[in-house]
Amino acid sequence: MRSRDDPDWQADLRRVNQPRPLFKEQSLWAIWVYRYGRRVDARSAGLRKRLHTRLYWLLFRWAETVTGISLPKAAQIGGGLRIYHFGGVFIHPEARIGSHCTLRQGVTIGNKTEGGPVPVLEDGVELGAYAQVIGGVRLGAGCRVGALSVVTRDVPPGVTVAGAPARPLHDPSVGTVPSP
Ligand SMILES: CC(=O)SCCNC(=O)CCNC(=O)[C@H](O)C(C)(C)COP(=O)(O)OP(=O)(O)OC[C@H]1O[C@@H](n2cnc3c(N)ncnc32)[C@H](O)[C@@H]1OP(=O)(O)O
Ligand SMILES: N[C@@H](CO)C(=O)O
């Protein structure tokens, strides 16, 4: 499959929604290499796959070094990924990230200790700059994490958390009519 036929990559481009997006956001270079790696892994075994795998590793190191964004192809990341700005973004290879998530500079999604469990982000999760999400936590769909926060516990869908350790900012029950 070529990148123009890759629905996840096309969804990534739509998030930027500007003409010539590859000239506008260098984070797309890292995302492109990630999607390329996923497509290479999906190929059937053979010489072409081995050659593409070697090329992928060269491109991965280049993108990681030039953009400061590390998206290993083993991680599972849904389409429509947006990474704002530059550098310090490290995603663990076992992480699972849903579609239409937003990351910013300085974000880490990884384990708490070597070999430990890693986070799962459902669809539409938004992480502020320098947010650190560590350990086997689950971030529910559409939740938001404030800048400079450290998330060490599950976050329910739609909830905003911030701080270190991160705590909910807005109680979702506030303002609702209590059930009879
Ligand atoms: C170049 C660039 O611009 S890069 C962009 C960088 N920006 C980001 O990364 C933005 C990430 N967004 C945030 O951190 C936001 O503050 C959010 C999403 C967490 C919350 O936004 P809102 O829902 O508007 O919350 P609001 O501003 O009302 O704050 C509610 C309370 O949480 C506190 N709070 C907000 N963000 C944070 C944070 N990151 N860490 C700690 N406390 C926070 C506020 O001080 C406020 O406290 P108070 O009630 O005691 O006054
Ligand atoms: N719109 C950008 C700010 O540069 C962001 O949300 O990160």
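How each quantity is defined
Residues numbered from 1 in each chain as written. Chains lettered and ligands numbered in written order. Predicted model: local features only at pLDDT ≥ 70, side-chain atom pairs only at ≥ 80, totals over all residues. Heavy atoms only, no water. Phe/Tyr/Trp six-rings, centres within 6.5 Å; stacked < 30°, edge-to-face > 60°. Helix = DSSP H or I, 4+ residues; strand = E, 2+ residues; numbered from the N terminus. Buried < 20%, exposed > 50% of the residue type's maximum accessible area, 1.4 Å probe, protein only. Expected span 1.5 Å × (residues − 1). Arc of directions from axis to C-beta. Salt bridge = Lys/Arg side-chain N within 4 Å of Asp/Glu carboxyl O. Pairing = 2+ DSSP bridges. Near = heavy atom within 4 Å. Polar contact = N/O pair within 3.5 Å; in protein donor to acceptor, adjacent residues only side chain to side chain. Areas by Shrake-Rupley, 256 points an atom, 1.4 Å probe, with all protein chains shown as cover. Nonpolar A, V, L, I, M, F, W, Y, C, P; charged D, E, K, R; others polar.

*Asks:* Summarise the packing of aromatic side chains; cite the residues concerned and give the values.
*Replies:* In this structure the tally under the stated criterion is 5 aromatic pairs. Note on W29 and W62: the rings are 5.9 Å apart at their centroids and 20° apart in plane angle, and the pair reads as stacked. Highlighted residues: W29 in helix 3 (residues 27-42) and W62 in helix 4 (residues 47-67), separated in sequence by 33 residues. With 5.7 Å between their ring centres and 85° between their planes, W57 and F60 make a pair best called edge-to-face. Note that W57 and F60 are positioned in helix 4 at a spacing of 3 residues, about one turn of the helix. Note on W57: relative accessible area 41%, which makes it partly exposed.

*Asks:* Describe helix 4, with residues and values.
*Replies:* In an α-helix, one full turn covers 3.6 residues, which means residues spaced three or four apart are oriented alike. For helix 4, with 21 residues, the first-to-last C-alpha span of 30 Å sits near the 30 Å given by 1.5 Å per residue. Turning to helix 4, its buried residues number three or more, namely Y56, F60, A63, E64 and T67. Each buried residue of helix 4 lies within a common arc of 90° when the element is viewed along its axis, so the set occupies one face. Of the exposed residues in helix 4, those oriented more than 90 degrees away from the buried face are L47, R50, L51, R54, L58 and T65.

*Asks:* Would you mind going over the pattern of salt bridges in detail, with residue names and values included?
*Replies:* Tallied over the entire structure, the rule returns 7 salt bridges. A salt bridge links D41 to K73, with the nearest nitrogen and oxygen atoms 3.0 Å apart. In this pair, D41 sits in helix 3 while K73 sits in the loop between strand 1 (69-70) and strand 2 (76-77), placing the two residues 32 residues apart along the sequence. Overall, K73 belongs to the buried group, its relative accessible area being 11%. Here E64 ties to R61 by a salt bridge, and the two come within 2.5 Å at their closest N and O atoms. In this pair, E64 and R61 both sit in helix 4, 3 residues apart, roughly one turn of the helix. Residue class for E64 comes out buried when judged on its relative accessible area of 18%. With a relative accessible area of 46%, R61 lands in the partly exposed category.

*Asks:* Requested: an account of the sheet that holds strand 1, with residues and values cited.
*Replies:* Hydrogen bonds between backbone atoms are what pair the strands of a sheet, whose relative direction is either parallel or antiparallel. As summarised here, the arrangement of the 5 strands in space is 1-4-7-10-13, forming an open sheet in which the pairing is parallel. Both outer strands of the open sheet, strand 1 and strand 13 (150-151), are each paired with one neighbouring strand and no more. Sheet topology places strand 4 (residues 89-91) next to strand 7 (residues 108-110); 2 bridges connect them, and they run parallel. The residue of strand 7 that forms the bridge with I91 is I109.

*Asks:* Before we move on, could you go through the site of ligand 2 and cite the residues and values that matter?
*Replies:* In the neighbourhood of ligand 2, the contacting residues comprise Y84, H85 and R104. The side chain of H85 places a nitrogen or oxygen atom 2.8 Å from an oxygen atom of ligand 2. Measuring from an oxygen atom of ligand 2, one finds a side-chain N or O atom of R104 at 2.6 Å. For ligand 2, whose accessible area on its own is 240 Å², the fraction buried by protein is 51%.

*Asks:* Lay out the site of ligand 1 in plain terms, naming residues and giving numbers.
*Replies:* Close to ligand 1 lie 13 residues; A129, R144, G146, A147 and H170 are nearest. Contact between ligand 1 and A129: an oxygen atom at 2.8 Å from a main-chain N or O atom of the residue. Backbone polar atom of A147 to a nitrogen atom of ligand 1: 2.8 Å apart, as the coordinates give it. Look at ligand 1: alone it shows 980 Å² of surface, and the protein chains cover 40% of it. Residues that form the shell around ligand 1 fall into these classes: 4 nonpolar, 7 polar and 2 charged.

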